[in-house]
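Chain and residue survey
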Amino acid sequence: MMCFFNLAGAIYDPDLEGYEVATIDQARILAAKHIAEVIRDRPNVVWAGEEVRLEVTDERQLVLFTIMVTGVDAAAVAGQPSSFRPKK
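Every chain begins its residue count from 1, and numbering advances along the sequence as written. The predicted nature of this model means local features are confined to residues of pLDDT at least 70 and side-chain atom pairs, given and counted, to a pLDDT of 80 or more, with totals for whole chains, interfaces and linings taken over all residues. Hydrogens and water molecules were not included; the side-chain quantities draw on all heavy atoms of the structure.

1. Overview of the pattern of salt bridges
- We define a salt bridge as a contact between a side-chain nitrogen of Lys or Arg and a carboxyl oxygen of Asp or Glu at a distance within 4 Å. Using the criterion set out here, one finds five salt bridges in the structure.
- Asp 25 is the salt-bridge partner of Arg 28, the closest N and O atoms lying 3.5 Å from each other. A residue pair is termed a helical-turn pair when its members lie 3 or 4 positions apart in one helix, as Arg 28 and Asp 25 do in helix 1 (residues 24–41) at three residues.
- The residue Glu 55 makes a salt bridge to Arg 53 at a minimum N-O spacing of 3.0 Å. A run of H or I in DSSP becomes a helix once it reaches four residues, and a run of E becomes a strand once it reaches two; helices and strands are each numbered from the N terminus.

Laid out in structure tokens, this is it:
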């Protein structure tokens, strides 16, 4: 089965080549590894104010599943000194 691993949200990067996978489980593993690499290489995107999504589609562009990553500050951050809070 051909799957496409499209980044959406804070990063938009459609997969134009796709990957041939044997099972949906294999696609899920590849998707988790792919989003992990994105976060490793560009950790600031998690805090960009918008979720990072990896939408995995089939050859008809039907979404099979989505991985979403969002960084959310707790209310306690508001009480911290400005050096502790993220810069905007």
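2. Thoughts on the sheet that holds strand 3 (residues 52–57)
- What makes two strands pair is DSSP finding at least two bridges between them. Strand order in the open sheet made by the four strands is 2-1-3-4, with antiparallel pairing throughout. Where the open sheet ends on each side, the last strands, each with one partner, are strand 2 (19–20) and strand 4 (63–69).
- As judged from the six bridges shared by strand 1 (residues 2–9) and strand 3, these two strands associate in the antiparallel manner. Its bridge partner lying in strand 3, Phe 4 is registered against Thr 57.
- Where helix 1 meets the sheet, its contacts fall on strand 1, strand 3 and strand 4, and the angle it forms with strand 4 comes to roughly 30°. Residues count as neighbours in contact if any of their non-hydrogen atoms are within 4.5 Å of one another. Axes here refer to lines fitted to C-alpha atoms; in helices the fit is confined to the stretch in contact. Angles between the N-to-C directions go from 0 to 180 degrees.

3. Digging into unusual backbone geometry
- Of note in the backbone geometry, Gln 61 takes a positive phi value of approximately 70° without being a glycine.
- Positionally, Gln 61 belongs in the loop between strand 3 and strand 4.

4. As for the environment of Ile 24
- Mapped onto the fold, Ile 24 is located in helix 1.
- In sequence terms Ile 24 and Phe 65 are 41 residues apart; their C-alpha atoms lie 9.5 Å from each other.
- In this view, Ile 24 contacts Met 1, Leu 64 and Phe 65; residues no more than four positions away in its chain are not counted.

5. With respect to the side chain of Asn 6
- Its place among the elements puts Asn 6 in strand 1.
- Of the residues examined, Asn 6 reaches a relative accessible area of 11% and is grouped as buried.
- Among the polar contacts made by the side chain of Asn 6, one reaches the side chain of Thr 57 at a distance of 3.5 Å.
- Not counting chain neighbours up to four residues away, the residues in contact with Asn 6 comprise Asp 13, Pro 14, Asp 15, Arg 53, Leu 54, Glu 55, Thr 57 and Gln 61. When accessible area is computed with a 1.4 Å probe and restricted to protein chains, residues below 20% of their type maximum are described as buried, those above 50% as exposed, and intermediate ones as partly exposed. Side-chain atoms alone can form a polar contact between residues adjacent in sequence; in general such a contact is a pair of N or O atoms within 3.5 Å, and within protein one must be able to donate a hydrogen while the other accepts it.

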